[in-house]
Amino acid sequence: MDKRQILETLYQHTRSMIPASTFGVGIVDWDKRVISFEYTIQGNQFILPYERSLDALEQPSTRCVLSGQELIVNQIEHDSRKLDKVIAHRVGDDLVRLEDGSATEDSRSGVYVPIILSGRVMGVVGALSNKPNAFSLDDLNILRTLAAYTGVAYDNAEAYRRLSITQSKLVEQEKLAALGSLVAGVAHELNTPIGNSLLMASTMQDHSEQFSMKVKENRLRRSDLESYAQNSINSADLIVRSLTSAANLVSSFKQIAVDQTSDKRREFDLQFFCEEVALTLSNRSKREGHEIRVDIVAGLMMDSYPGALGQVLNNLIINAMVHGLHERSQGVITLRGYAYDDQHIQLVVQDNGAGITKENIERIFEPFFTTRLGTGGSGLGLHICYNIIHSILGGTIAVDSIVNLGTNFTITLPRNAPLKIVGNEQKPDL
């Protein structure tokens, strides 16, 4: 699926069968009218990417592409090291160069075969030698076969690249959608405490105005003073409790939102963290008639990536509501957590929903697999969970389910997440 690996493999076959010192694949950009040689090898060195103009008719590769015909050039008349004038002016250099910066050899003969897919020329495969008359019809036949394989391999690699880009975009969209749902849920949940506080504050304002009028008119009685004092205490108590609830919700949202948009590592209490996740999803679960319970052993500390773990739990809980508890009421989703051994913890996300059939349970972590395609399911939620758990958190996830009884997702995680791998080195977060 990697174009450079395709070229390396082809080159190994080519130089064992064809007397070529240089081998390359050029891909045509018909809009820009250039052939891009991004993957070319001379000897054991890669050549830096370069282009040939489709207007440079002196170039055999250009003639091969424009005609769609194979070419054997026994004697290359021009200096093959030179770039076309227009391209040389644009890049500020007139030579094709190797990766070490030195100029390529001056090839004297070559054989060129167009890469054709669905009747359209998509590129050219070329083999060159620093000797004249180096190639025969047998070499052309071999290169023709290799060109056919190259076209299919390049097409597959490009399709895979586009699929990877699409999948990455969908993953990001899913993350943003989860955060958007979180924002909407928190905003809805804040309505009650803020509304109560506003009601009590306006009531206290009315009572204070009435109390002030009685004072000014010298008709204040002891009972009025006692009533005003008691009402003020009751109202202030309700306001404090409501605003404390709102403050806790905002605090939880801030931490979850930061974690979900960050890949920072930090220490955190697993019980407190899971309670925060459950709180931010409580509005949706209540609206759909379900309950989220948290049963985590106290004091379990982790040094890991809370953003990644939060996304996993968020996806698993929402997955339970969307799939397991769809069109059901009084569902229960339980988060259980306990020490597995000295170095690991286990988290279990359990629901009492519809369960997963035997034929589907082996595929649930595959990308784009969903039983609700077109009705809200992207097929990426569990795939994202699987990747995060294995690649970021350094753990494993297993699933068991009984149809019509429910599903258990069991996650085993190290208390200390592995260091991130950057290049070939392990590096801690700074």
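Note on numbering: residues in each chain are counted from 1, in written sequence order. Reporting of local features is limited, given that this is a predicted model, to residues whose pLDDT is at least 70; pairs of side-chain atoms are given and counted only at 80 or more, and all residues count toward the totals for whole chains, interfaces and linings. Side-chain figures throughout are based on the complete set of non-hydrogen atoms in the structure, without hydrogens or water.

Right, let's talk about the overall build of the protein for a bit. Helix and strand content of the protein: nine helices and 16 strands. Residue pairs at least 24 apart in sequence account for 67% of intrachain contacts in the protein once pairs closer than 6 positions are excluded. A 1.4 Å probe and the Shrake-Rupley method give the accessible areas. Residues count as covered only by the protein chains that appear here. Looking at the protein as shown, the accessible area adds up to about 23200 Å², and 53% of this sits on carbon and sulfur atoms. Only runs of H or I of at least four residues qualify as helices and only runs of E of at least two qualify as strands under DSSP, and these elements are numbered from the N terminus. Contacts were defined at the residue level, with two residues in contact if any of their heavy atoms lie within 4.5 Å.

A word on the sheet that holds strand β14 (residues 406-414). Strand pairing follows a simple DSSP-based rule, namely that at least 2 bridges must link the two strands. An order of β9-β11-β12-β14-β13 is seen for the five strands of this open sheet, with the pairing classed as mixed. Either end of the sheet is taken by a strand with one partner, and the two such strands are β9 (290-296) and β13 (396-402). Averaged over all neighbouring strand pairs, the angle between strand axes comes to 15°, with direction disregarded. Pairing between strand β11 (residues 331-339) and strand β12 (residues 344-351): seven bridges, direction antiparallel. What sits directly across from I333, in β12, is D351. The convention used is that axes are lines fitted to C-alpha atoms, helices contributing only their stretch in contact, and that angles between N-to-C directions extend from 0 to 180 degrees. Relative to the sheet, helix α6 (residues 270-287) contacts β9, β11 and β12, its axis offset from that of β9 by approximately 175°.

Our next topic: the packing of aromatic side chains. The aromatic pairing rule takes the rings of Phe, Tyr and Trp, using the six-membered ring of Trp, and pairs them if the centres are within 6.5 Å, calling planes under 30 degrees apart stacked, those over 60 edge-to-face and the rest tilted. Evaluated as defined, the whole model comprises five aromatic pairs. Note on F37 and Y50: the rings are 5.1 Å apart at their centroids and 10° apart in plane angle, and the pair reads as stacked. In this pair, F37 sits in strand β2 (residues 34-42) while Y50 sits in strand β4 (residues 50-53), placing the two residues 13 residues apart along the sequence. Between the aromatic rings of F268 and F273, the centroid separation amounts to 5.2 Å while the plane-to-plane angle is 45°, which identifies the pairing as tilted. The cut-offs for exposure are 20% and 50% of the maximum accessible area for each residue type, with area from a 1.4 Å probe on protein chains only; residues under the lower value are buried, those over the upper are exposed, and the others partly exposed. With relative accessibility at 1%, the residue F273 sits in the buried group. An aromatic cluster of three or more residues is present, and its members are F365, Y386 and F409.

A word on the side chain of S53. Summarising the element assignment, S53 is placed in strand β4. On the basis of relative accessibility, which here comes to 12%, the residue S53 falls in the buried class. The residues touching S53, leaving out its near neighbours within four places in the chain, are R33, V34, T62, D84 and I87.

With that out of the way, let us pick up the packing of helix α7 (residues 306-324) against helix α9 (residues 381-391). It is the contact of α7 with α9, at a shortest axis distance of 9 Å, that shows an interaxial angle of 150°. Our classification of the angle between α7 and α9 gives roughly antiparallel. Remark: the crossing between α7 and α9 carries left-handed chirality. Every residue of α9 that contacts α7 at A308, Q311, V312, N315, L316 and N319 is listed here: G381, L382, I384, C385, I388 and I389. In this count, Pro and Cys sit with the nonpolar residues alongside Ala, Val, Leu, Ile, Met, Phe, Trp and Tyr, while Asp, Glu, Lys and Arg are called charged and the others, Gly among them, polar. Among the residues making up the contact of α7 with α9, the classes are represented as eight nonpolar, four polar and no charged. Roughly parallel means an angle under 35 degrees; roughly antiparallel means over 145; roughly perpendicular covers 65 to 115; every other angle is labelled oblique. By convention the crossing between two helices is left-handed if the near helix lies anticlockwise of the far one by an angle smaller than a right angle, and right-handed if it lies clockwise.

In terms of residue burial, strand β1 (residues 22-29) counts as a mostly covered element, since six of its eight residues are buried. In the sheet, β1 pairs with strand β7 (residues 120-129) via six bridges, with the strands oriented antiparallel. Looking across to β7, one finds that T22 is bridged to L128. Following β1, the chain reverses through four residues before pairing antiparallel with β2; R33 in that reversal takes a positive phi of roughly 55°.

Next up on the list: the pattern of salt bridges. We define a salt bridge as a side-chain nitrogen of Lys or Arg found within 4 Å of a carboxyl oxygen belonging to Asp or Glu. Counted by the stated rule, this structure contains 14 salt bridges. Of the charged contacts, one joins D55 and R33 as a salt bridge, the two residues approaching to 3.2 Å between their closest N and O atoms. One end of the pair, D55, is in the loop between β4 and α2 (60-67); the other, R33, is in the loop between β1 and β2, and 22 residues separate them in sequence. For R336, the salt bridge is made with D295, and the minimal N-O distance between the two is 3.9 Å. Of this pair, R336 sits in strand β11 while D295 sits in strand β9, and the two are 41 residues apart along the sequence. In this structure D295 comes out as partly exposed when scored by relative accessible area, which is 44%.

What follows concerns the environment of P132. By the element assignment, P132 lies in the loop between β7 and α4 (137-216). Residues P132 and Q75, spaced 57 residues apart in sequence, show a C-alpha to C-alpha distance of 5.4 Å.

Time to look at the pairing of β2. Within β2, seven of the nine residues are buried, leaving the element largely enclosed by the surrounding structure. In this sheet, β2 lies alongside β1 in antiparallel orientation, the contact comprising seven bridges. Along β2, the bridge assignment pairs F23 with I41. In the sheet, β2 pairs with β4 via four bridges, with the strands oriented antiparallel. Residue F37 lies in a different strand from β4, and its bridge partner there is Y50. Bridging between β2 and strand β3 (residues 45-47) involves three bridges; their strand directions are antiparallel.

Glancing now at the packing of α6 against α7. Packing of α6 against α7 brings their axes to within 11 Å, and their N-to-C directions diverge by 40°. Put simply, α6 runs oblique to α7. Classified by chirality, the crossing of α7 by α6 is right-handed. Note on element contacts: α7 touches α6 through P306, L309, G310, L313, N314, I317, I318, M321 and V322, opposite L270, F273, C274, V277, L281, R284 and S285. Of the residues assigned to the contact of α6 with α7, the class counts are twelve nonpolar, three polar and one charged.

With that settled, the discussion passes to the environment of G337. Tracing the sequence through the fold places G337 in strand β11. In sequence terms G337 and V297 are 40 residues apart; their C-alpha atoms lie 6.1 Å from each other. Non-local contacts of G337, meaning those with residues more than four positions away in its chain, are made with D295, I296, V297, L300, Q346 and L347.

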